[in-house]
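In case you want the letters, here they are:
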Amino acid sequence: MKRAMNIYDEARRCLLCADAPCSKACKKGDPARAIRAIRFDNERMAGQWVAACSEDDLLSAEEACIHYDRPIRIREMLKGVPVADGAKSLPSLEIEFCGITCENPFFLASSAICTNYEMVARAFEAGWAGVFYKTICMEDIREVSPRFDAVSEGGTSDFFGFRNMEQLSENPVDVDFDILHRLKENYPTKIVVASIMGQTEEQWIELAKMAEAAGVDAVELNFSCPQMRLAGMGSDVGQNAELVTFYTAYVKRSVSIPVIPKMTPNITQINQPAMGAYFAGANAISAINTIKSVTMGERAAVSAHKTISGYSGRAVKPIALRHILEMAKNPIMKNIQFSGIGGIETWRDALEFIQLGCRNVQVCTAVMQYGYRIIDDLVSGLQNYMQERGVSQLADLVGEELPRFITPTDLDRETIVFPKIDRERCIGCGRCYTSCMDGGHQAITFDEDRQPHIQGKRCVGCHLCLLVCPTGAIGATKRVGKTGKKP
């Protein structure tokens, strides 16, 4: 029996080509855009880009596919995908951050994706609300080659972890501030933030004053870069609450624009430097920068040598969310705002940061993989989510999930949620059986007809089986009280 296609798996196979041959070959639609919508969690809107396409149109697109392995099954994947109602009114994503009105919450993070005027201008034209420009410093920055490495599944180019040895802007200081001045002058409705890093009190103050003179909207203090070659810079500062406090206070006294310290995750308790920034008068906090890491591949070696450097990408998102949560739940820092960074690739990723208290998010690694164009799906996905929930203002979502987070001590330990199997979707692979036998509580049997069966007396409701099922055939029952002791 032919199984239904998993359109998400197929969309992940797509190479997301530039100037996509499939769309060029399709006369009445844009299948590449439809596939991209599925890939970035907007499958409910994918149909609008192929609504007018005939079977022959999609066949032509499929035949034009240049995938190195086998063509993407465009006709099967896009058959019957929903067509969004283009006439419906979508809510605005406008939100205030540090007293500044932002057209949406999506910003470029300080990194290689925003190192000159032309790059940032293209991002603004594409729809990004603002930029935290690549960190400016007074040191002579000399980068290594190669400087990037990636962690992917099966050696594919779609990586989930990214490691970089990049430092700060290589431009002369006056060149960077001229770029920021021109960006603000030519894009007055966009938000331009200067990210700076000093090594002494005098450098921090001078750079901040130069940023303000350039006309930027705010200044970010980079206390967190994990691969600076000079001591006393980057995460060396971010791990020292006293230095964070002093440098933040110096800058805050020197400029009138908002000051936003950027925290390092390479620390046991992020609240310590964060509170230092808070008491020094910071207007907001950015978090997190990259996580110190090691990859062992030879492709990351520099003249046969290796080093520790920063890790990013969607693999770090749970860690970033944890740090945001810890700061947002800190009762001392009630009035400070947050800018979330770490593993944001889809609108759902961004939403999670917003629901934990962030008023904007910064994106880097996803742009490095897929380009500025992902802003389309970030914006439309979040707008449609708000429209479906009946939320008219993005600010209403900020921090809404915080009350649901409690300590492990207070979690309910008297009830259980049992898994249940959908026989129509089960393909009999036995993944649930293997995982439960070797990593769970031996609560699943597997009969001769390749059918798994859950043994209620042994099941503890851990849901490992649900997580490993490749077809989504395992769901959950209603929560019930535990009866008796575990056998």
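Scroll up to find the structure.
Computed from a prediction, not measured in an experiment: that's the story for all the values here.

Calculation notes
Residue positions are given per chain, counting from 1 as you read along its sequence in written order. Only residues with pLDDT of 70 or above have their local features reported here, since the model is predicted, and side-chain atom pairs are shown and tallied only from 80 upward, although totals for entire chains, interfaces and linings are computed over all residues. As a rule here, side-chain values cover all heavy atoms of the structure and leave hydrogens and water aside. Where helices and strands are cited, they refer to DSSP runs of H or I of at least four residues and of E of at least two residues respectively, numbered from the N terminus. Values of the radius of gyration come from C-alpha atoms, whereas the globule rule sets the reference at 2.2 Å times the count of residues to the power 0.38. The cut-offs for exposure are 20% and 50% of the maximum accessible area for each residue type, with area from a 1.4 Å probe on protein chains only; residues under the lower value are buried, those over the upper are exposed, and the others partly exposed. Contact between two residues is taken to exist if any of their heavy atoms lie within 4.5 Å; hydrogens are not considered. In this count, Lys and Arg are taken as positive residues and Asp and Glu as negative ones, while His and the chain termini are left out. By convention, charge coordinates are those of NZ in Lys, CZ in Arg, CG in Asp, or CD in Glu. Between any two strands, pairing holds if DSSP finds at least two bridges. All axes here are fitted lines through C-alpha atoms, helices being fitted over the stretch that makes contact, and every angle between N-to-C directions spans 0 to 180 degrees. Think of it this way: a Phe, Tyr or Trp ring, Trp meaning its six-membered ring, pairs with another when their centres are within 6.5 Å, and the plane angle makes it stacked under 30 degrees, edge-to-face over 60, tilted otherwise. Criterion for a charge above a ring: Arg CZ or Lys NZ at most 6 Å from the ring centre, at most 35 degrees from the ring normal. Cavity and pocket criteria rest on a 1 Å grid covering protein atoms alone: a 1.4 Å probe that fits but cannot get out defines a cavity, protein on both sides within 12 Å along at least 5 of 7 lines defines an open pocket, and an atom within 4 Å of a point defines a lining residue. Grid points are joined across faces, edges and corners, and a volume is the space filled by probe spheres set on the points. Nonpolar residues are Ala, Val, Leu, Ile, Met, Phe, Trp, Tyr, Cys and Pro. Charged residues are Asp, Glu, Lys and Arg, and all others, Gly as well, are polar. Definition of a polar contact: a pair of N or O atoms within 3.5 Å, with one able to donate and the other able to accept a hydrogen when the atoms are protein atoms, and with sequence-neighbouring residues admitted only if both atoms are side-chain atoms.

Asker: Outline the overall build of the chain, supporting the account with residue identities and numerical values.
Answerer: Helix and strand counts for the chain come out as 17 helices and 20 strands. Over its C-alpha atoms the chain spans a radius of gyration of 25 Å, differing by no more than 12% from the 23 Å that the globule rule assigns to 487 residues. Dimensions of the chain, computed from C-alpha atoms along their principal axes, come out at roughly 75 × 65 × 55 Å. Buried residues in the chain amount to 52% of all 487 residues. Within the chain, residue pairs in contact and separated by at least 24 positions form 72% of the contacts whose partners lie at least 6 positions apart. Put simply, the chain has 55 plus and 59 minus side-chain charges, and the middle of one group is 7 Å from the middle of the other.

Asker: Tell me what's going on with the sheet that holds strand S5 (residues 148-152), and back it up with residues and numbers.
Answerer: Spatially, the 4 strands line up as an open sheet ordered S5-S6-S12-S11, and their pairing is antiparallel. At either end of the open sheet lies a strand with only one pairing partner, and these are S5 and strand S11 (291-293). Pairs of neighbouring strands in the sheet enclose a mean axial angle of 35°, with direction left out of account.

Asker: Any details on the packing of aromatic side chains? Residues and values, ideally.
Answerer: Using the criterion set out here, one finds 12 aromatic pairs in the structure. Considering the side-chain rings of phenylalanine 159 and phenylalanine 162, the 5.3 Å spacing of their centres and the 20° angle between planes classify their relative orientation as stacked. With relative accessibility at 14%, the residue phenylalanine 159 sits in the buried group. Look at phenylalanine 162 and you get buried, because its relative accessible area is 6%. An aromatic cluster is present here, built from Trp204, Phe223, Phe246, Tyr247 and Tyr250 joined pairwise through their rings. The residue whose ring lies beneath arginine 33 is tryptophan 49, and the NZ or CZ to ring-centre distance is 4.2 Å. Seen from the ring of phenylalanine 40, arginine 39 lies directly overhead, with NZ or CZ sitting 4.7 Å from the centre.

Asker: Summarise unusual backbone geometry; cite the residues concerned and give the values.
Answerer: Look at the link from serine 145 to proline 146: it is a cis peptide, with omega at -5°. Along the polypeptide, proline 146 turns up in the loop between strand S4 (130-136) and S5. Residue alanine 287 is joined to isoleucine 288 through a cis peptide bond whose omega torsion reads 5°. Positionally, isoleucine 288 belongs in the loop between strand S10 (284-287) and S11. Residue serine 303 is not a glycine yet carries a positive backbone phi of 50°. Relative to the elements of secondary structure, serine 303 occurs in the loop between S11 and strand S12 (309-312). Given the relative accessible area of 66%, serine 303 is considered exposed. Phi is positive for histidine 463, close to 70°, though the residue is something other than glycine.

Asker: Summarise empty space enclosed by the protein; cite the residues concerned and give the values.
Answerer: Applying the stated criterion across every chain yields a total of 3 cavities of 30 Å³ or more. Approximately 500 Å³ is the volume attributed to the largest cavity. What lines the largest cavity is a set of 40 residues, among which Ser110, Ser111, Asn289, Thr290 and Cys364 lie closest to the centre. Contributing elements (two or more residues each) for the lining of the largest cavity: S4, strand S6 (159-164), S12, strand S14 (358-363) and helix H14 (365-370). The biggest single contributor to the lining of the largest cavity is S6, with 5 residues. The residue inventory of the lining of the largest cavity, partitioned by class, reads 18 nonpolar, 17 polar and 5 charged. In this model, the second largest cavity occupies a volume close to 110 Å³. Around the second largest cavity, the lining comprises 13 residues; the ones closest to its centre are Cys436, Ala443, Cys459, Cys462 and Cys465. Considered class by class, the residues forming the lining of the second largest cavity number 10 nonpolar, 3 polar and no charged.

Asker: Which residues make up the environment of leucine 467, and what values do they have?
Answerer: Examined against the element boundaries, leucine 467 turns out to sit in helix H17 (residues 464-468). Through-space distance from the C-alpha of leucine 467 to that of alanine 249 is 47 Å; in sequence the pair is 218 residues apart.

Asker: Provide a residue-level description of the side chain of aspartate 349, including the pertinent values.
Answerer: Here aspartate 349 shows up in helix H13 (residues 347-355). Given the relative accessible area of 10%, aspartate 349 is considered buried. Looking at aspartate 349, its side chain comes within polar contact range of the side chain of lysine 317, at 2.7 Å. A distance of 2.9 Å separates the side chain of aspartate 349 from the backbone nitrogen of glutamate 345, its partner in a polar contact. Ignoring anything within four residues of it in the chain, the contact list for aspartate 349 reads Lys317, Gly343 and Ile344.

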